[in-house]
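# Topology and contacts: notes
So the chains spell out like this:
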Amino acid sequence: MSPRLWKVGVAPHVRDNATVAGIMWTVFAVLLPQLFLSAYVFGPRVLALAGVGVGTSMLAEAAMQRLLGKPVSLSDGSAALTGLLLVYVLPPGVSLVLPFWGAIFAICIGKQLFGGLGFNFFNPALIARAFLAVGFPVAMTTTWIMPELPAFLAGPDAVASATPLALLKHSGLAAYLAQYGGPHGLWASFLGFKPGSVGETSPLLLGLGGLYLLWRRIISWHIPVAMIASTALLAWVFGPEGLFTGQPLVHVLSGGLILGAFFMATDYVTSPSQPLAKLVFGAGCGALTMLIRLKGGYPEGVCYAILLMNCVSPVLEDWVRPRRFAPPLKKD
Amino acid sequence: MDYFLLVISAVFINNIVLVQYLGTCPFLGTSKSTDVALGMGGAVIFVIGMSVALTWPIQKAILEPFGLGYLQTIVFILVIASLVQFVEMFLKKLLPPLYRALGLYLPLITTNCAVLGSAILVQKNGYGLAKSVVFGLATGVGFTLALVIISSIRERFDISPIPQVFRGVPIALITAGLMSLAFLAFKGMAS
């Protein structure tokens, strides 16, 4: 309808060997170490969850493409990646039904109804998580697994079954520090031995994966840096005992922030493409995350923060659209 | 601070469209382009603000003293309808392109449940006059926000290979539903 949308810029264009399949499978592979760690920490049922999530989403993708009369494109890896990311944001103790329905929702409604890869405006894995949080509220908030710490990390006796962020929210910083404070707790938290969603527990592995994606230039630095920086800043400013008393590290290493910042918010389709818009997008994700964590009804806010910013991503893109130097086209 | 919370609550936490599901008709009808959405949003902000400011004294000075509370709906509709007529004449003179773009939806503000809804809500919540007007304006801003967001998304649908049967209103309804899911983010915040 509006041809101006197709004109990206004037020649010469940069050529690159990157393909959709190459990028998707690279991200998939980069995420796998975290899955194996979770399988070790939470038990092998995590692998079953991942199998159901990835399998169902690939089947759903093939079925939808068949039904819609489109070429079946499973080999591009986008469906598999959606399934994996969906499982990464579920608690490890949920029944296998959840990744099944979640993957169907993500692919059929979140993605294919909008036209398939490249046209969905919500991150499919996250919108499916929001759907599951409404449909299975108890399972999504209580089925955490408390990991058994290896000997070198064993600190105080572990009793809580809530996630660190839930503990922080409902019992305060003192309770959090008693459980996860101190060098032992911080290391355990950093390495990935803490209760949490399947794929969010290890900032170390996820951060390394994110750095690799940055180095390969699969993602750009704007969104992750803006998101983590704004989260840390707000966590520091709005501390529990008045302004500027917060613990930024606690909030950066807890919950899904690292996973969200590197792997979810940077999704090409659902985030803006201009650098300035990316910075605003990332900062907005971080700010909303902290707003929900500090003032909201949930202990964790990364998923909803990214979804809300997904909503406004087209608006951001419009605001920072590059100026054209030629006189404006005549309207007919 | 009180007013700050009131505004945040009306714009985000209790967003009139995405959380309370009022005013969905113009939400779908005028969200095909961002310019129209902004115009419609401005009109709705104005009409809600004015109608709350006018219906509040009517409720307190006429309906309640004379025990005519049961006439609330019909009296409020009457006030809103005349206000909309005023806005319509105003736009016709000053902004003819916007007037044409809004088309049928401008008179439809009369029966826009968001407008009537917020006029009744402020009575239910027992707000004072100033608070009511602020609440009304903030509700309009929340409506505009939702409208601008969905219109910028819908502008992209024109170039998306959406399945034929879902083009137009169906995909807009699905989009609105998904946006509503995202707005669950604000659930449980200080209301």
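Residues numbered from 1 in each chain as written. Chains lettered and ligands numbered in written order. Predicted model: local features only at pLDDT ≥ 70, side-chain atom pairs only at ≥ 80, totals over all residues. Heavy atoms only, no water.

### Quick look at the overall build of chain B
- Within chain B one finds nine helices and zero strands.
- Of the regular secondary structure in chain B, the N- to C-terminal order runs α-α-α-α-α-α-α-α-α.
- Computed over the C-alpha atoms, the radius of gyration of chain B is 17 Å, within 12% of the 16 Å expected from 2.2 N^0.38 for a compact globule of 191 residues.
- Taken over the C-alpha atoms alone, chain B extends approximately 60 × 45 × 30 Å along its principal axes.
- Long-range contacts, defined here as pairs at least 24 residues apart, represent 75% of the contacts in chain B between residues at least 6 apart.
- For chain B, the accessible surface area stands at approximately 8600 Å², while carbon and sulfur atoms represent 71% of it.
- Positive and negative charge centroids in chain B, built from 11 and 6 side chains respectively, lie 4 Å apart. (Helix = DSSP H or I, 4+ residues; strand = E, 2+ residues; numbered from the N terminus. Rg over C-alpha atoms; globule rule 2.2 N^0.38 Å. Contact = heavy atoms within 4.5 Å. Areas by Shrake-Rupley, 256 points an atom, 1.4 Å probe, with all protein chains shown as cover. Lys, Arg positive; Asp, Glu negative; His and termini not counted. Charge placed at Lys NZ, Arg CZ, Asp CG, Glu CD.)

### Quick word on the overall build of chain A
- When you go through chain A residue by residue, the secondary structure sums to 14 helices and two strands.
- Across the 332 residues in chain A, those meeting the buried criterion constitute 52%.
- Nonlocal contacts in chain A, meaning residues at least 24 apart in sequence, comprise 74% of its contacts between residues at least 6 apart. (Buried < 20%, exposed > 50% of the residue type's maximum accessible area, 1.4 Å probe, protein only.)

### A look at the side chain of A:Lys194
Residues and elements named next belong to chain A.
- With respect to the element layout, Lys194 can be found in the loop between α8 (182-191) and α9 (203-215).
- One buried charged residue, Lys194, remains without a salt bridge, the closest side chain of opposite sign being Glu200 at 6.8 Å.
- Among the polar contacts made by the side chain of Lys194, one reaches the main-chain carbonyl oxygen of Thr201 at a distance of 3.5 Å.
- A polar atom in the side chain of Lys194 sits 2.6 Å from the backbone oxygen of Leu253.
- Residues in contact with Lys194, not counting those within four places in the same chain, are Phe42, Pro147, Pro164, Tyr180, Ser189, Thr201, Pro203, Leu253 and Ser254. (Salt bridge = Lys/Arg side-chain N within 4 Å of Asp/Glu carboxyl O. Polar contact = N/O pair within 3.5 Å; in protein donor to acceptor, adjacent residues only side chain to side chain.)

### Focus on the pattern of salt bridges
Residue and element names in this part refer to chain B.
- Going through the model one piece at a time under the given rule, you end up with four salt bridges over all chains.
- Asp2 is paired through a salt bridge with Lys131; the nearest N and O atoms lie 3.6 Å apart. Here Asp2, found in helix α1 (residues 2-13), pairs with Lys131, found in helix α8 (residues 129-157); they are 129 residues apart in sequence, far enough to count as distant.
- Residue classification places Lys131 among the partly exposed residues on the basis of a relative accessible area of 23%.
- Here Glu64 ties to Lys60 by a salt bridge, and the two come within 3.7 Å at their closest N and O atoms.
- For Glu64, a relative accessible area of 42% corresponds to the partly exposed category.
- According to the relative accessible area criterion, Lys60 is partly exposed, its value standing at 31%.

### Digging into the packing of helix α3 (residues 34-63) of chain B against helix α7 (residues 113-125) of chain B
Residues and elements named next belong to chain B.
- Running from amino to carboxyl end, α3 crosses α7 at an angle of 40°, the nearest separation of the two axes being 9 Å. One finds that α3 runs oblique with respect to α7. Between α3 and α7 the crossing geometry is right-handed. Taken together, the residues of α7 that come into contact with α3 (itself represented by Val47, Ile48, Ser51, Val52, Thr55, Trp56, Gln59 and Lys60) are Ala114, Val115, Ser118, Ala119, Val122 and Gln123. (Axes fitted to C-alpha atoms, helices over the stretch in contact; angles between N-to-C directions. Parallel < 35°, antiparallel > 145°, perpendicular 65-115°, else oblique. Left-handed = near helix turned anticlockwise from the far one by under 90°.)

### A few points about the packing of aromatic side chains
All names here are of chain A.
- With the rule as written, the count across this model stands at 16 aromatic pairs over all chains.
- Here the aromatic rings of Phe121 and Phe122 are separated by 4.5 Å at their centres, their planes lie at 40°, and the arrangement is tilted.
- You can call Phe121 buried: its relative accessible area is 8%. (Phe/Tyr/Trp six-rings, centres within 6.5 Å; stacked < 30°, edge-to-face > 60°.)

### Section: the side chain of B:Gln72
All names here are of chain B.
- On the secondary structure map, Gln72 appears in helix α4 (residues 72-94).
- Side chain to side chain, Gln72 and Gln59 meet in a polar contact 3.2 Å long.
- In this structure, Gln72 is in contact with Gln59, Leu63, Ile120 and Gln123, ignoring residues within four places of it in sequence.

### Thoughts on the interface of chain B and chain A
- Listed by partner, the interface residues are 29 residues for chain B and 34 residues for chain A.
- Together, the buried faces of chain B and chain A total about 2700 Å²; carbon and sulfur atoms form 77% of this surface.
- It is B:Ile159, B:Leu178 and B:Leu181 that lose the most area in chain B upon contact with chain A, and together they represent 22% of the buried surface on that side.
- Our count for the contact surface shared by chain B and chain A stands at zero salt bridges.
- Inspection of the region where chain B meets chain A yields two residue pairs in polar contact (both at pLDDT 80 or more).
- Of all the elements in the fold, those that place two or more residues in the side of chain B that touches chain A are α8 and α9 (169-182) of chain B.
- For the side of chain B that touches chain A, the residue count by class is 21 nonpolar, four polar and four charged. (Buried area = accessible area lost by both parts, 1.4 Å probe. Nonpolar A, V, L, I, M, F, W, Y, C, P; charged D, E, K, R; others polar.)

### Focus: the environment of B:Phe166
- Mapping B:Phe166 onto the fold places it in the loop between α8 and α9.
- Distance in space between the C-alpha atoms of B:Phe166 and B:Ala176 is 14 Å, their sequence separation being ten residues.
- For B:Phe166, the residues in contact, after removing those within four places along its chain, are A:Leu113, B:Ile171 and B:Ile174.

### Here's the deal with the nonpolar core
- Ranked by size, the top nonpolar core spans 131 residues in total, and within it A:Leu31, A:Phe122, A:Phe263, A:Leu307 and B:Ile109 carry the most contacts.
- When near neighbours in sequence (up to four residues on either side) are disregarded, B:Ile109 contacts B:Met40, B:Ala43, B:Val44, B:Val47, B:Ile80, B:Val84 and B:Val115.
- Of all hydrophobic cores here, the second largest spans seven residues; its members include A:Leu167, A:Leu173, A:Tyr180 and A:Val250. (Core = buried A, V, L, I, M, F, W, Y, C linked by side-chain atoms within 4.5 Å.)

### Here's the deal with a nonpolar patch on the surface
Residues and elements named next belong to chain A.
- Together, Leu233, Trp236, Phe238, Leu243, Phe244 and Leu294 make up an exposed nonpolar region whose accessible area comes to about 610 Å².
- Relative to the assigned elements, Phe238 resides in strand β1 (residues 238-239).
- For Phe238, a relative accessible area of 46% puts it in the partly exposed group. (Patch = residues over 30% accessible without salt bridge, like charges linked within 9 Å, V, L, I, M, F, W, Y side chains within 5 Å.)

### Quick look at the environment of A:Val250
- Positionally, A:Val250 belongs in helix α11 (residues 248-253).
- Taking the C-alpha atoms as reference points, A:Val250 and A:Ile219, 31 residues apart in sequence, are found 25 Å from one another.

### So, the domain arrangement of chain A
All names here are of chain A.
- Domain assignment breaks chain A into domain 1 (20-142) and domain 2 (164-194 + 202-316).
- A separation of 21 Å is found between the C-alpha centroids of domain 1 and domain 2.
- Between domain 1 and domain 2, the contact holds 25 residues from the first and 25 residues from the second.
- At the junction of domain 1 with domain 2, the criterion picks out zero salt bridges.
- Our count for the contact surface shared by domain 1 and domain 2 stands at three residue pairs in polar contact (both at pLDDT 80 or more).
- It is helix α1 (residues 20-42) that provides the largest number of residues to the side of domain 1 that touches domain 2, a total of eleven residues.
- When its residues are assigned to classes, the side of domain 1 that touches domain 2 shows 19 nonpolar, five polar and one charged. (Domains from an automatic or database assignment.)

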